Amino acid sequence: MSVDDSILFAEWLRLREAADAAARAAELVDLVRAGPGPRVVHDLGCGTGSMGRWLAPRLPGAQEWIFHDRDEALLARAAAGMAGVRAADGAPVTVRTRPGDLTALTAADLAGASLITASALLDMLTAAELDRMVAACAGAGCPALLMVSVTGTVAFTPVEPLDAEFAAAFNDHQRRTVDGRTLLGPDAVDACAAAFDRHGLPVRRRPSPWRLGPEQSDLTVAWLTGWVAAACEQRPELAGEAEAYLRRRLGQAATGRLRVELGHDDLLAGVD
Ligand SMILES: C[S@@+](CC[C@H](N)C(=O)[O-])C[C@H]1O[C@@H](n2cnc3c(N)ncnc32)[C@H](O)[C@@H]1O
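What you are looking at is a predicted structure, and each value in this text was computed from that prediction instead of being measured.

The rules we used
Position numbers for residues count from 1 along each chain, tracking the sequence in the order it is written. Per-residue local features of the predicted model are confined to residues with pLDDT of at least 70, and side-chain atom pairs are confined, for both listing and counting, to 80 or more; whole-chain, interface and lining totals are unaffected and use all residues. Water and hydrogen atoms were dropped before computing side-chain values, which therefore reflect all heavy atoms in the structure. Under the scheme used here, helices are H or I runs from DSSP no shorter than 4 residues and strands are E runs no shorter than 2 residues, and both carry numbers assigned from the N terminus. In this treatment the radius of gyration is a C-alpha quantity, and the globule benchmark scales as 2.2 Å times the residue count to the 0.38 power. The rule is simple: take the accessible area with a 1.4 Å probe, protein chains only, and divide by the maximum for that residue type; under 20% is buried, over 50% is exposed, in between is partly exposed. UniProt positions are given in the numbering used here, feature names are shortened, and annotations may be inferred rather than shown by experiment. Nearness here has a simple test: a residue counts as near a molecule or strand if at least one of its heavy atoms is within 4 Å of that partner. For this analysis, a polar contact is any N or O atom pair within 3.5 Å, provided that within protein one partner can donate a hydrogen and the other can accept it, and provided that sequence-adjacent residues contribute only side-chain to side-chain pairs. Per-residue accessibility takes into account occlusion by the displayed protein chains alone, with areas from the Shrake-Rupley method and a 1.4 Å probe. Under the convention adopted here, Pro, Cys and the residues Ala, Val, Leu, Ile, Met, Phe, Trp and Tyr are nonpolar, Asp, Glu, Lys and Arg are charged, and Gly plus all remaining residues are polar. Every residue pair with non-hydrogen atoms within 4.5 Å of one another is taken to be in contact.

Details of the overall build of the protein
Within the protein, the secondary structure is distributed over eight helices and 10 strands. Relative to a compact globule of 272 residues, whose C-alpha radius of gyration would be 19 Å, the protein shows 19 Å and is just as compact. In terms of its C-alpha atoms, the protein occupies a principal-axis envelope of roughly 60 × 35 × 35 Å. Scored against the burial criterion, the 272 residues of the protein give a buried share of 48%.

Dropping the structure here:
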């Protein structure tokens, strides 16, 4: 990723951080019990570190977070963003960063982990990459808390007949093949649950939808603009309808008349 792209991507992650935090199924965190010693948490695809900022203050006891990402600029932001973050009981939280491709991680790389987390990651993987990641998590022998993975559902209020067409095109775009890699997109949550099941690990699944309304209009505008553009890239024949559709929807967002519920799921694997 170029420096400019990385900055734009970081801005997108900043915009979505509050909606992700509000969406996550916090009750799953209560099921993650502490073991002896400081808790070692690996965050896969950490981006700017929003999962650490959300989760570390919800977990008691000293923690060492290990942030994984292939983008070193994002990793630096993630580490800086943990300054001053403490555990639920005020215990210290330390951070290390590991640049690199998370799809190459093995159980040995995750040895000693108490918890593996990710947020908004799974749809970006292929089936083979996801299977490898799950095998590494299973081999590490600790719970995995994988949150805010898109499921492909979108519900607008008010409804328009074109919504379903754009949604189908967007979901196909998420499943596209890029450089020989066919992405899982909205199929990732089912694939991930099935992969943990093949390793004999229990999986809990909870909905974690974004609920976007007038208070999230900046995020709604950014998401909607990207959503329509991706749909048109996938199905160029939608371009004729797209301009007026987007104008109507952005007008509704600007005047507080648009609500969107966007499906995500959270998975907790490896906890009986
Ligand atoms: C959508 S972002 C989510 C970031 C963060 N977890 C959050 O919720 O804000 C996905 C992140 O995963 C990283 N990522 C995706 N595939 C990766 C790979 N194969 N190896 C390392 N990092 C990867 C991207 O660089 C990006 O920072």
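Some points on the UniProt feature "domain: Methyltransferase" (unreviewed entry) in the protein
Sites flagged by UniProt as "domain: Methyltransferase" (unreviewed entry) map to residues 41-138. Taken as a whole, residues 41-138 contains 28% helix and 23% strand, while its terminal C-alpha atoms sit 15 Å from one another.

Description of the site of the ligand
In the region of the ligand, 17 residues are neighbours, and Gly 45, Asp 69, Asp 101, Leu 102 and Ser 119 sit closest. With respect to the ligand, the side chain of Asp 69 contributes an N or O atom lying 2.6 Å from an oxygen atom. Contacts to the ligand include Arg 70, whose backbone N or O atom sits 3.2 Å from a nitrogen atom. Look at the ligand: alone it shows 590 Å² of surface, and the protein chains cover 96% of it. Taken together, the residues of the shell around the ligand break down into eight nonpolar, six polar and three charged.

Focus on the side chain of Thr 220
Topologically, Thr 220 is positioned in helix H7 (residues 217-234). Among the residues examined, Thr 220 registers a relative accessible area of 2% and is labelled buried. Once you skip the residues sitting within four places of it in the chain, Thr 220 turns out to touch Leu 212, Gly 213, Ala 253, Leu 258 and Val 260.

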